[in-house]
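Structural overview
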Number of protein chains: 2
Amino acid sequence: MRSEGQLSFVEQARRRQFVQCALESLHEAGFAGTSLAAVAQRAQISKSVVVYHFGSKQALLEAVVETVYASAVPDIMAALEAAEGHRERLLAYVRIAVLFAADNVRSLIAVGEIFRNLRRPDGALRYTAADGEELITFVEELLRDGQEAGEFGDFDPRTVAVVIRAAIDALPDRFHLDRELDGPDVATKLCDAVDRMTR
Amino acid sequence: MRSEGQLSFVEQARRRQFVQCALESLHEAGFAGTSLAAVAQRAQISKSVVVYHFGSKQALLEAVVETVYASAVPDIMAALEAAEGHRERLLAYVRIAVLFAADNVRSLIAVGEIFRNLRRPDGALRYTAADGEELITFVEELLRDGQEAGEFGDFDPRTVAVVIRAAIDALPDRFHLDRELDGPDVATKLCDAVDRMTR
DNA sequence: CAGGTTGTCGACCGGTCGGTCGAAAAATGA
DNA sequence: TCATTTTTCGACCGACCGGTCGACAACCTG
(Lines give C-alpha, C1' and ligand atoms only; values in the text may rest on other atoms or scores of the structure.)
Protein backbone atom coordinates (compact mmCIF):
# COMPACT_ATOMS: atom_id res chain seq x y z
CA MET A 1 0.00 0.00 0.00
CA ARG A 2 1.40 3.39 -1.04
CA SER A 3 0.89 6.33 1.25
CA GLU A 4 -1.84 8.67 0.04
CA GLY A 5 -0.92 11.44 -2.37
CA GLN A 6 2.15 9.56 -3.52
CA LEU A 7 2.10 8.46 -7.13
CA SER A 8 4.58 5.95 -8.48
CA PHE A 9 6.67 6.83 -11.52
CA VAL A 10 4.58 4.59 -13.73
CA GLU A 11 1.42 6.11 -12.33
CA GLN A 12 2.57 9.65 -13.11
CA ALA A 13 3.65 8.70 -16.61
CA ARG A 14 0.33 7.03 -17.33
CA ARG A 15 -1.65 9.99 -16.06
CA ARG A 16 0.37 12.37 -18.22
CA GLN A 17 -0.13 10.07 -21.19
CA PHE A 18 -3.90 9.79 -20.76
CA VAL A 19 -4.29 13.50 -20.14
CA GLN A 20 -2.43 14.15 -23.37
CA CYS A 21 -4.53 11.62 -25.30
CA ALA A 22 -7.75 13.07 -23.91
CA LEU A 23 -6.57 16.53 -24.87
CA GLU A 24 -5.89 15.47 -28.46
CA SER A 25 -9.19 13.64 -28.69
CA LEU A 26 -11.12 16.65 -27.39
CA HIS A 27 -9.40 18.84 -29.94
CA GLU A 28 -9.94 16.55 -32.90
CA ALA A 29 -13.22 14.82 -32.13
CA GLY A 30 -14.91 17.15 -29.67
CA PHE A 31 -16.45 16.27 -26.34
CA ALA A 32 -18.96 13.81 -27.74
CA GLY A 33 -16.20 12.00 -29.61
CA THR A 34 -14.02 11.71 -26.56
CA SER A 35 -15.14 8.46 -24.93
CA LEU A 36 -13.03 6.38 -22.62
CA ALA A 37 -12.67 3.92 -25.47
CA ALA A 38 -11.41 6.69 -27.78
CA VAL A 39 -8.85 7.88 -25.26
CA ALA A 40 -7.72 4.32 -24.59
CA GLN A 41 -7.33 3.62 -28.29
CA ARG A 42 -5.10 6.68 -28.71
CA ALA A 43 -2.93 5.38 -25.89
CA GLN A 44 -3.08 1.91 -27.45
CA ILE A 45 -4.22 0.39 -24.23
CA SER A 46 -7.32 -1.17 -22.78
CA LYS A 47 -10.19 1.03 -21.69
CA SER A 48 -10.13 -0.43 -18.19
CA VAL A 49 -6.63 0.92 -17.63
CA VAL A 50 -7.81 4.49 -18.00
CA VAL A 51 -10.50 3.88 -15.43
CA TYR A 52 -7.96 2.12 -13.21
CA HIS A 53 -5.68 5.18 -13.12
CA PHE A 54 -8.32 7.90 -12.92
CA GLY A 55 -11.33 6.25 -11.37
CA SER A 56 -13.79 7.92 -13.72
CA LYS A 57 -14.07 9.87 -16.92
CA GLN A 58 -14.93 12.99 -14.95
CA ALA A 59 -11.68 12.75 -12.97
CA LEU A 60 -9.71 12.37 -16.20
CA LEU A 61 -11.23 15.48 -17.72
CA GLU A 62 -10.75 17.46 -14.54
CA ALA A 63 -7.08 16.48 -14.69
CA VAL A 64 -6.94 17.87 -18.22
CA VAL A 65 -8.33 21.18 -17.02
CA GLU A 66 -5.92 21.35 -14.10
CA THR A 67 -2.97 20.55 -16.33
CA VAL A 68 -3.75 23.33 -18.78
CA TYR A 69 -4.56 25.74 -15.98
CA ALA A 70 -1.28 25.00 -14.23
CA SER A 71 0.65 25.69 -17.43
CA ALA A 72 -0.96 29.12 -17.88
CA VAL A 73 -0.92 30.73 -14.45
CA PRO A 74 2.86 31.09 -13.89
CA ASP A 75 3.46 32.84 -17.21
CA ILE A 76 0.62 35.27 -16.64
CA MET A 77 1.69 36.08 -13.10
CA ALA A 78 5.25 36.68 -14.20
CA ALA A 79 4.16 39.02 -16.99
CA LEU A 80 1.90 40.96 -14.66
CA GLU A 81 4.54 41.50 -12.02
CA ALA A 82 7.04 42.67 -14.58
CA ALA A 83 4.74 45.50 -15.68
CA GLU A 84 4.79 48.93 -14.04
CA GLY A 85 1.79 51.22 -14.01
CA HIS A 86 -1.86 50.35 -14.44
CA ARG A 87 -2.06 50.77 -18.19
CA GLU A 88 1.06 48.69 -18.70
CA ARG A 89 -0.29 46.01 -16.38
CA LEU A 90 -3.56 45.79 -18.29
CA LEU A 91 -1.86 45.66 -21.66
CA ALA A 92 0.68 43.13 -20.38
CA TYR A 93 -2.23 40.97 -19.27
CA VAL A 94 -3.91 41.17 -22.65
CA ARG A 95 -0.63 40.58 -24.45
CA ILE A 96 0.36 37.49 -22.47
CA ALA A 97 -3.16 36.10 -22.81
CA VAL A 98 -2.98 36.39 -26.58
CA LEU A 99 0.48 34.87 -26.78
CA PHE A 100 -0.54 31.99 -24.54
CA ALA A 101 -3.62 31.36 -26.66
CA ALA A 102 -1.52 31.37 -29.81
CA ASP A 103 0.88 28.82 -28.36
CA ASN A 104 -1.75 26.58 -26.75
CA VAL A 105 -4.63 26.48 -29.19
CA ARG A 106 -5.21 22.75 -28.83
CA SER A 107 -5.21 22.80 -25.05
CA LEU A 108 -7.56 25.75 -24.82
CA ILE A 109 -10.01 24.31 -27.30
CA ALA A 110 -9.95 21.08 -25.30
CA VAL A 111 -10.72 22.75 -21.98
CA GLY A 112 -13.41 24.77 -23.75
CA GLU A 113 -15.07 21.52 -24.75
CA ILE A 114 -14.87 20.32 -21.16
CA PHE A 115 -16.22 23.58 -19.70
CA ARG A 116 -19.20 23.56 -21.99
CA ASN A 117 -20.06 19.88 -21.79
CA LEU A 118 -18.80 18.06 -18.73
CA ARG A 119 -21.65 17.43 -16.33
CA ARG A 120 -21.87 16.08 -12.81
CA PRO A 121 -23.73 12.83 -12.20
CA ASP A 122 -26.83 14.88 -11.31
CA GLY A 123 -26.78 16.52 -14.73
CA ALA A 124 -25.57 19.98 -13.69
CA LEU A 125 -22.60 21.47 -15.50
CA ARG A 126 -19.30 20.69 -13.76
CA TYR A 127 -17.83 24.11 -14.57
CA THR A 128 -20.33 26.90 -14.29
CA ALA A 129 -20.19 30.41 -15.69
CA ALA A 130 -19.30 31.49 -12.15
CA ASP A 131 -15.76 30.16 -12.70
CA GLY A 132 -15.23 32.55 -15.59
CA GLU A 133 -16.67 35.26 -13.39
CA GLU A 134 -13.41 35.41 -11.44
CA LEU A 135 -11.49 36.16 -14.60
CA ILE A 136 -13.83 39.04 -15.38
CA THR A 137 -13.62 40.56 -11.93
CA PHE A 138 -9.83 40.29 -12.10
CA VAL A 139 -9.77 42.46 -15.22
CA GLU A 140 -12.40 44.70 -13.66
CA GLU A 141 -10.07 45.32 -10.71
CA LEU A 142 -7.24 46.24 -13.06
CA LEU A 143 -9.52 48.76 -14.73
CA ARG A 144 -10.86 50.21 -11.49
CA ASP A 145 -7.37 50.63 -10.07
CA GLY A 146 -6.28 52.40 -13.23
CA GLN A 147 -9.28 54.68 -13.15
CA GLU A 148 -8.66 55.67 -9.55
CA ALA A 149 -5.04 56.41 -10.45
CA GLY A 150 -6.28 58.60 -13.29
CA GLU A 151 -4.59 56.53 -15.98
CA PHE A 152 -7.85 55.47 -17.59
CA GLY A 153 -10.84 57.35 -18.88
CA ASP A 154 -14.37 57.37 -17.50
CA PHE A 155 -16.02 54.15 -18.67
CA ASP A 156 -17.96 51.36 -16.99
CA PRO A 157 -15.23 48.99 -15.79
CA ARG A 158 -17.53 46.00 -15.61
CA THR A 159 -18.66 46.31 -19.22
CA VAL A 160 -15.15 46.86 -20.56
CA ALA A 161 -13.90 43.92 -18.49
CA VAL A 162 -16.57 41.69 -20.01
CA VAL A 163 -15.60 42.83 -23.50
CA ILE A 164 -11.91 42.20 -22.89
CA ARG A 165 -12.52 38.73 -21.47
CA ALA A 166 -14.91 37.90 -24.31
CA ALA A 167 -12.23 38.89 -26.81
CA ILE A 168 -9.64 36.74 -25.03
CA ASP A 169 -11.97 33.77 -24.78
CA ALA A 170 -12.65 34.00 -28.50
CA LEU A 171 -8.96 33.76 -29.35
CA PRO A 172 -8.49 29.98 -29.40
CA ASP A 173 -11.18 29.64 -32.05
CA ARG A 174 -9.65 32.47 -34.07
CA PHE A 175 -6.19 30.91 -34.03
CA HIS A 176 -7.69 27.52 -34.75
CA LEU A 177 -9.67 28.81 -37.72
CA ASP A 178 -6.90 30.89 -39.28
CA ARG A 179 -3.60 29.06 -39.08
CA GLU A 180 -1.81 32.02 -40.65
CA LEU A 181 -2.61 34.26 -37.72
CA ASP A 182 0.50 35.58 -35.97
CA GLY A 183 0.43 35.66 -32.17
CA PRO A 184 2.52 38.80 -31.56
CA ASP A 185 0.72 40.63 -34.35
CA VAL A 186 -2.71 39.82 -32.93
CA ALA A 187 -1.45 40.78 -29.47
CA THR A 188 -0.36 44.20 -30.71
CA LYS A 189 -3.66 44.85 -32.47
CA LEU A 190 -5.80 43.70 -29.57
CA CYS A 191 -3.71 45.78 -27.16
CA ASP A 192 -4.39 48.77 -29.38
CA ALA A 193 -8.12 48.12 -29.28
CA VAL A 194 -8.04 47.77 -25.49
CA ASP A 195 -5.93 50.89 -25.23
CA ARG A 196 -8.51 52.85 -27.21
CA MET A 197 -11.36 51.56 -25.11
CA THR A 198 -9.72 52.63 -21.87
CA ARG A 199 -8.53 56.11 -22.78
CA MET B 1 -51.12 12.82 -50.87
CA ARG B 2 -50.44 16.46 -50.03
CA SER B 3 -48.55 18.57 -52.49
CA GLU B 4 -44.95 19.11 -51.44
CA GLY B 5 -44.15 22.05 -49.18
CA GLN B 6 -47.67 22.11 -47.83
CA LEU B 7 -48.01 21.29 -44.18
CA SER B 8 -51.33 20.50 -42.56
CA PHE B 9 -52.49 22.50 -39.59
CA VAL B 10 -51.66 19.65 -37.23
CA GLU B 11 -48.28 19.25 -38.86
CA GLN B 12 -47.40 22.91 -38.36
CA ALA B 13 -48.62 22.88 -34.77
CA ARG B 14 -46.63 19.76 -33.99
CA ARG B 15 -43.45 21.17 -35.52
CA ARG B 16 -43.81 24.38 -33.54
CA GLN B 17 -44.44 22.34 -30.41
CA PHE B 18 -41.42 20.09 -30.86
CA VAL B 19 -39.13 22.98 -31.78
CA GLN B 20 -40.22 24.72 -28.61
CA CYS B 21 -39.67 21.58 -26.51
CA ALA B 22 -36.25 21.01 -28.04
CA LEU B 23 -35.37 24.62 -27.34
CA GLU B 24 -36.32 24.30 -23.69
CA SER B 25 -34.49 21.03 -23.33
CA LEU B 26 -31.32 22.47 -24.89
CA HIS B 27 -31.52 25.39 -22.51
CA GLU B 28 -32.09 23.35 -19.39
CA ALA B 29 -30.27 20.08 -20.04
CA GLY B 30 -27.74 21.00 -22.71
CA PHE B 31 -27.07 19.24 -25.98
CA ALA B 32 -26.18 15.91 -24.43
CA GLY B 33 -29.36 15.94 -22.39
CA THR B 34 -31.53 16.67 -25.38
CA SER B 35 -32.39 13.25 -26.73
CA LEU B 36 -35.40 12.47 -28.87
CA ALA B 37 -36.85 10.76 -25.82
CA ALA B 38 -36.34 13.90 -23.72
CA VAL B 39 -38.01 16.12 -26.31
CA ALA B 40 -40.88 13.67 -26.66
CA GLN B 41 -41.38 13.51 -22.92
CA ARG B 42 -41.62 17.31 -22.71
CA ALA B 43 -44.30 17.18 -25.39
CA GLN B 44 -45.93 14.27 -23.54
CA ILE B 45 -45.94 12.17 -26.63
CA SER B 46 -44.22 9.11 -28.01
CA LYS B 47 -40.68 9.38 -29.32
CA SER B 48 -41.69 7.99 -32.68
CA VAL B 49 -43.96 10.97 -33.29
CA VAL B 50 -41.03 13.37 -33.23
CA VAL B 51 -39.21 11.26 -35.77
CA TYR B 52 -42.41 10.98 -37.79
CA HIS B 53 -42.72 14.77 -38.12
CA PHE B 54 -39.05 15.65 -38.57
CA GLY B 55 -37.44 12.57 -40.00
CA SER B 56 -34.36 12.82 -37.84
CA LYS B 57 -32.93 14.51 -34.80
CA GLN B 58 -30.65 16.57 -37.01
CA ALA B 59 -33.63 17.96 -38.95
CA LEU B 60 -35.34 18.89 -35.69
CA LEU B 61 -32.33 20.82 -34.42
CA GLU B 62 -31.85 22.54 -37.76
CA ALA B 63 -35.46 23.66 -37.50
CA VAL B 64 -34.67 25.14 -34.09
CA VAL B 65 -31.79 27.13 -35.57
CA GLU B 66 -33.89 28.35 -38.47
CA THR B 67 -36.71 29.40 -36.17
CA VAL B 68 -34.44 31.50 -33.97
CA TYR B 69 -32.59 32.92 -36.94
CA ALA B 70 -35.83 33.92 -38.63
CA SER B 71 -36.94 35.75 -35.51
CA ALA B 72 -33.73 37.81 -35.37
CA VAL B 73 -33.02 38.95 -38.89
CA PRO B 74 -36.04 41.21 -39.51
CA ASP B 75 -35.50 43.25 -36.34
CA ILE B 76 -31.81 43.72 -37.06
CA MET B 77 -32.39 44.73 -40.67
CA ALA B 78 -35.05 47.22 -39.66
CA ALA B 79 -32.81 48.81 -37.03
CA LEU B 80 -29.93 49.10 -39.48
CA GLU B 81 -31.96 50.76 -42.18
CA ALA B 82 -33.40 53.26 -39.74
CA ALA B 83 -29.91 54.53 -38.82
CA GLU B 84 -28.20 57.35 -40.67
CA GLY B 85 -24.45 57.69 -40.83
CA HIS B 86 -21.80 55.04 -40.29
CA ARG B 87 -21.31 55.55 -36.56
CA GLU B 88 -25.06 55.46 -35.98
CA ARG B 89 -25.36 52.34 -38.08
CA LEU B 90 -22.66 50.56 -36.11
CA LEU B 91 -24.10 51.57 -32.76
CA ALA B 92 -27.61 50.68 -33.89
CA TYR B 93 -26.32 47.23 -34.81
CA VAL B 94 -24.72 46.76 -31.41
CA ARG B 95 -27.77 48.10 -29.64
CA ILE B 96 -30.28 45.87 -31.40
CA ALA B 97 -28.01 42.87 -30.92
CA VAL B 98 -27.91 43.46 -27.17
CA LEU B 99 -31.64 44.01 -26.94
CA PHE B 100 -32.35 40.88 -28.93
CA ALA B 101 -30.01 38.87 -26.74
CA ALA B 102 -31.71 40.20 -23.62
CA ASP B 103 -35.12 39.20 -24.93
CA ASN B 104 -34.11 35.80 -26.33
CA VAL B 105 -31.63 34.36 -23.86
CA ARG B 106 -33.10 30.87 -23.94
CA SER B 107 -33.22 30.67 -27.71
CA LEU B 108 -29.68 31.90 -28.16
CA ILE B 109 -28.25 29.53 -25.57
CA ALA B 110 -30.10 26.72 -27.32
CA VAL B 111 -28.70 27.50 -30.76
CA GLY B 112 -25.28 27.89 -29.17
CA GLU B 113 -25.53 24.32 -27.93
CA ILE B 114 -26.50 23.19 -31.41
CA PHE B 115 -23.71 25.13 -33.13
CA ARG B 116 -21.08 23.67 -30.87
CA ASN B 117 -22.31 20.09 -30.80
CA LEU B 118 -24.50 19.04 -33.70
CA ARG B 119 -22.54 16.84 -36.06
CA ARG B 120 -23.22 15.38 -39.46
CA PRO B 121 -23.43 11.61 -39.88
CA ASP B 122 -19.76 11.64 -40.95
CA GLY B 123 -18.76 13.23 -37.64
CA ALA B 124 -17.99 16.73 -38.89
CA LEU B 125 -19.64 19.68 -37.18
CA ARG B 126 -22.92 20.68 -38.85
CA TYR B 127 -22.30 24.39 -38.29
CA THR B 128 -18.68 25.40 -38.76
CA ALA B 129 -16.84 28.48 -37.57
CA ALA B 130 -17.15 29.74 -41.13
CA ASP B 131 -20.81 30.56 -40.44
CA GLY B 132 -19.85 32.99 -37.69
CA GLU B 133 -17.23 34.37 -40.03
CA GLU B 134 -19.94 36.09 -42.03
CA LEU B 135 -21.10 37.97 -38.95
CA ILE B 136 -17.57 39.22 -38.34
CA THR B 137 -17.03 40.40 -41.90
CA PHE B 138 -20.38 42.16 -41.77
CA VAL B 139 -19.20 44.25 -38.81
CA GLU B 140 -15.82 44.67 -40.48
CA GLU B 141 -17.55 46.20 -43.48
CA LEU B 142 -19.42 48.65 -41.28
CA LEU B 143 -16.12 49.69 -39.74
CA ARG B 144 -14.29 50.00 -43.05
CA ASP B 145 -17.06 52.08 -44.56
CA GLY B 146 -16.97 54.39 -41.56
CA GLN B 147 -13.21 54.74 -41.76
CA GLU B 148 -13.30 55.64 -45.43
CA ALA B 149 -15.96 58.23 -44.65
CA GLY B 150 -13.71 59.64 -41.94
CA GLU B 151 -16.19 58.97 -39.14
CA PHE B 152 -13.94 56.46 -37.38
CA GLY B 153 -10.37 56.56 -36.16
CA ASP B 154 -7.40 54.63 -37.48
CA PHE B 155 -7.65 51.11 -36.07
CA ASP B 156 -7.51 47.59 -37.50
CA PRO B 157 -11.11 46.94 -38.58
CA ARG B 158 -10.71 43.18 -38.53
CA THR B 159 -9.54 43.11 -34.92
CA VAL B 160 -12.20 45.50 -33.69
CA ALA B 161 -14.85 43.54 -35.58
CA VAL B 162 -13.72 40.35 -33.86
CA VAL B 163 -13.88 42.08 -30.48
CA ILE B 164 -17.37 43.42 -31.11
CA ARG B 165 -18.71 40.07 -32.27
CA ALA B 166 -17.04 38.30 -29.34
CA ALA B 167 -18.75 40.73 -26.97
CA ILE B 168 -22.11 40.15 -28.63
CA ASP B 169 -21.71 36.38 -28.63
CA ALA B 170 -20.92 36.47 -24.92
CA LEU B 171 -24.17 38.28 -24.13
CA PRO B 172 -26.55 35.31 -23.82
CA ASP B 173 -24.38 33.80 -21.10
CA ARG B 174 -24.16 37.14 -19.31
CA PHE B 175 -27.90 37.63 -19.33
CA HIS B 176 -28.41 34.02 -18.33
CA LEU B 177 -26.01 34.29 -15.42
CA ASP B 178 -27.23 37.61 -14.08
CA ARG B 179 -31.01 37.79 -14.23
CA GLU B 180 -30.95 41.34 -12.88
CA LEU B 181 -29.14 42.63 -15.94
CA ASP B 182 -31.11 45.25 -17.84
CA GLY B 183 -31.09 45.02 -21.62
CA PRO B 184 -31.23 48.74 -22.50
CA ASP B 185 -28.68 49.54 -19.80
CA VAL B 186 -26.22 46.96 -21.09
CA ALA B 187 -26.85 48.19 -24.63
CA THR B 188 -25.96 51.74 -23.67
CA LYS B 189 -22.77 50.69 -21.89
CA LEU B 190 -21.62 48.39 -24.66
CA CYS B 191 -22.35 51.06 -27.25
CA ASP B 192 -20.17 53.42 -25.22
CA ALA B 193 -17.33 50.89 -25.21
CA VAL B 194 -17.66 50.37 -28.96
CA ASP B 195 -17.83 54.11 -29.49
CA ARG B 196 -14.56 54.56 -27.59
CA MET B 197 -12.87 51.80 -29.55
CA THR B 198 -13.75 53.34 -32.89
CA ARG B 199 -12.92 56.96 -32.24
C1' DC C 1 -70.83 4.11 -44.49
C1' DA C 2 -66.33 2.61 -46.91
C1' DG C 3 -61.57 3.34 -47.90
C1' DG C 4 -57.57 5.72 -47.86
C1' DT C 5 -54.66 9.07 -45.57
C1' DT C 6 -52.63 10.96 -41.46
C1' DG C 7 -51.13 10.54 -36.90
C1' DT C 8 -49.83 7.91 -32.75
C1' DC C 9 -48.11 4.23 -30.10
C1' DG C 10 -44.90 0.99 -27.86
C1' DA C 11 -41.98 -2.72 -28.74
C1' DC C 12 -37.84 -3.44 -30.70
C1' DC C 13 -33.09 -3.04 -33.20
C1' DG C 14 -28.08 -2.43 -33.42
C1' DG C 15 -24.81 0.31 -31.35
C1' DT C 16 -22.19 3.06 -27.90
C1' DC C 17 -21.67 4.71 -23.52
C1' DG C 18 -19.23 4.68 -18.66
C1' DG C 19 -18.04 1.47 -15.67
C1' DT C 20 -17.29 -3.43 -13.25
C1' DC C 21 -15.12 -7.81 -12.55
C1' DG C 22 -12.16 -11.76 -12.28
C1' DA C 23 -8.18 -13.50 -14.05
C1' DA C 24 -3.63 -13.13 -15.28
C1' DA C 25 0.72 -10.82 -16.28
C1' DA C 26 4.36 -7.89 -14.60
C1' DA C 27 6.87 -5.68 -11.15
C1' DT C 28 8.39 -5.63 -6.39
C1' DG C 29 10.49 -6.99 -2.25
C1' DA C 30 11.76 -10.36 1.56
C1' DT D 1 12.67 -18.10 -4.80
C1' DC D 2 8.13 -16.99 -3.74
C1' DA D 3 4.44 -14.18 -1.85
C1' DT D 4 2.50 -9.85 -2.48
C1' DT D 5 1.23 -5.82 -4.83
C1' DT D 6 0.55 -3.19 -9.00
C1' DT D 7 -0.88 -3.11 -13.58
C1' DT D 8 -3.26 -4.83 -17.68
C1' DC D 9 -6.67 -7.22 -20.24
C1' DG D 10 -11.08 -8.38 -22.41
C1' DA D 11 -15.51 -9.94 -21.47
C1' DC D 12 -19.43 -8.24 -19.63
C1' DC D 13 -23.26 -5.12 -17.52
C1' DG D 14 -27.18 -2.02 -17.53
C1' DA D 15 -28.50 2.27 -19.45
C1' DC D 16 -29.40 5.05 -23.08
C1' DC D 17 -28.93 6.51 -27.82
C1' DG D 18 -31.23 7.44 -32.72
C1' DG D 19 -34.10 5.22 -35.47
C1' DT D 20 -37.45 1.38 -37.50
C1' DC D 21 -41.62 -1.23 -37.75
C1' DG D 22 -46.20 -3.01 -37.67
C1' DA D 23 -50.50 -2.33 -35.57
C1' DC D 24 -54.05 0.63 -34.78
C1' DA D 25 -56.75 4.90 -34.04
C1' DA D 26 -58.52 9.18 -35.90
C1' DC D 27 -59.89 11.73 -39.48
C1' DC D 28 -61.15 13.10 -43.99
C1' DT D 29 -63.56 12.41 -48.36
C1' DG D 30 -66.25 10.16 -51.62
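Cut-offs used in this document
Residues numbered from 1 in each chain as written. Chains lettered and ligands numbered in written order. Predicted model: local features only at pLDDT ≥ 70, side-chain atom pairs only at ≥ 80, totals over all residues. Least-squares fit on C-alpha atoms with pLDDT ≥ 70 in both. Contact = placed C-beta atoms within 7 Å. Near = placed C-beta within 6 Å. Helix = DSSP H or I, 4+ residues; strand = E, 2+ residues; numbered from the N terminus. Nonpolar A, V, L, I, M, F, W, Y, C, P; charged D, E, K, R; others polar. pLDDT = per-residue confidence, 0-100. Core = buried A, V, L, I, M, F, W, Y, C linked by C-beta atoms within 7 Å. Buried ≥ 20, exposed ≤ 12 C-beta atoms within 10 Å, placed from the backbone. UniProt positions renumbered as here; feature names shortened; annotations may be inferred. Expected span 1.5 Å × (residues − 1). Arc of directions from axis to C-beta.

Take the relation of the copies chain B and chain A next. Of the two same-sequence chains, chain B is brought onto chain A (RMSD 0.2 Å, axial shift 0.1 Å) by a rotation of 179 degrees. What the superposition gives is, in effect, a two-fold axis relating one chain to the other. When C-alpha distances to the rotation axis are compared across chain B, the minimum falls at Met 197 of chain B, with a value of 2.3 Å. Take the interface residues of chain B: 93% of them recur as interface residues in chain A, which is what a same-surface contact looks like.

With that settled, the discussion passes to the protein's contact with DNA strand C. Every one of the 21 residues lining DNA strand C counts as a neighbour, but Ser 35, Ser 56 and Lys 57 of chain A together with Ser 46 and Ser 48 of chain B are closest to it. For the surface near DNA strand C, the secondary-structure elements that each account for two or more residues are α2 (36-42), α3 (47-54) and α4 (57-82) of chain A together with α1 (9-29) and α3 (47-54) of chain B. Each residue belonging to the surface near DNA strand C can be placed in one class, and the counts come to nine nonpolar, seven polar and five charged.

Now for the interface of chain B and chain A. At the interface, 27 residues of chain B touch 26 residues of chain A. Mapped onto the side of chain B that touches chain A, the elements with two or more residues apiece are α6 (105-117), α8 (157-177) and α9 (183-198) of chain B. Among the elements that take part in the side of chain B that touches chain A, α8 of chain B stands out by supplying 10 residues, more than any other. For the side of chain B that touches chain A, a count of residues per class yields 14 nonpolar, five polar and eight charged.

The pLDDT averaged across chain A works out to 94; a share of 96% of its residues lies at or above 70. Segment residues 1-5 of chain A: pLDDT under 50, and one contact once partners within four positions in sequence are set aside and those in other chains are kept.

With that out of the way, let us pick up the nonpolar core. Ala 22 of chain A together with Ala 22 of chain B are the most contacted members of the largest nonpolar core, which has 100 residues in total. Among residues more than four places away in sequence, those in contact with Ala 22 of chain B are Thr 34, Val 39, Leu 60, Leu 61 and Val 64 of chain B.

To continue, consider the protein's contact with DNA strand D. If you check the shell around DNA strand D, you find 21 residues, and the closest are Ser 46 and Ser 48 of chain A together with Ser 35, Ser 56 and Lys 57 of chain B. Sorting the residues of the surface near DNA strand D by element identifies α1 (9-29) and α3 of chain A together with α2 (36-42), α3 and α4 (57-82) of chain B as the ones contributing at least two each. Its residues placed into classes, the surface near DNA strand D shows nine nonpolar, seven polar and five charged.

Look at the UniProt record and you will see "DNA-binding region" (unreviewed entry) annotated at residues 35-54 of chain A. Strand forms 0% of residues 35-54 of chain A and helix 75%; the C-alpha atoms that close the span are 14 Å apart.

Let us now look at helix α7 (residues 129-148) of chain B. Residues and elements named next belong to chain B. A rise of 1.5 Å per residue sets the reference length of α7, with its 20 residues, at 28 Å; its end C-alpha atoms lie 28 Å apart and thus fit the reference within 8%. Buried within α7 are the following residues: Val 139, Leu 142, Leu 143 and Gly 146. Buried positions in α7, seen along its axis, are confined to an arc of 95 degrees and lie on one side of it. Turned more than 90 degrees from where α7 packs its buried face, Ala 130, Asp 131, Glu 134, Glu 141 and Glu 148 sit exposed.

In this section: the UniProt feature "domain: HTH tetR-type" (unreviewed entry) in chain A. Per the UniProt record, "domain: HTH tetR-type" (unreviewed entry) is annotated on residues 12-72 of chain A. Helix makes up 80% of residues 12-72 of chain A and strand 0%, whereas the separation of the span's terminal C-alpha atoms amounts to 20 Å.

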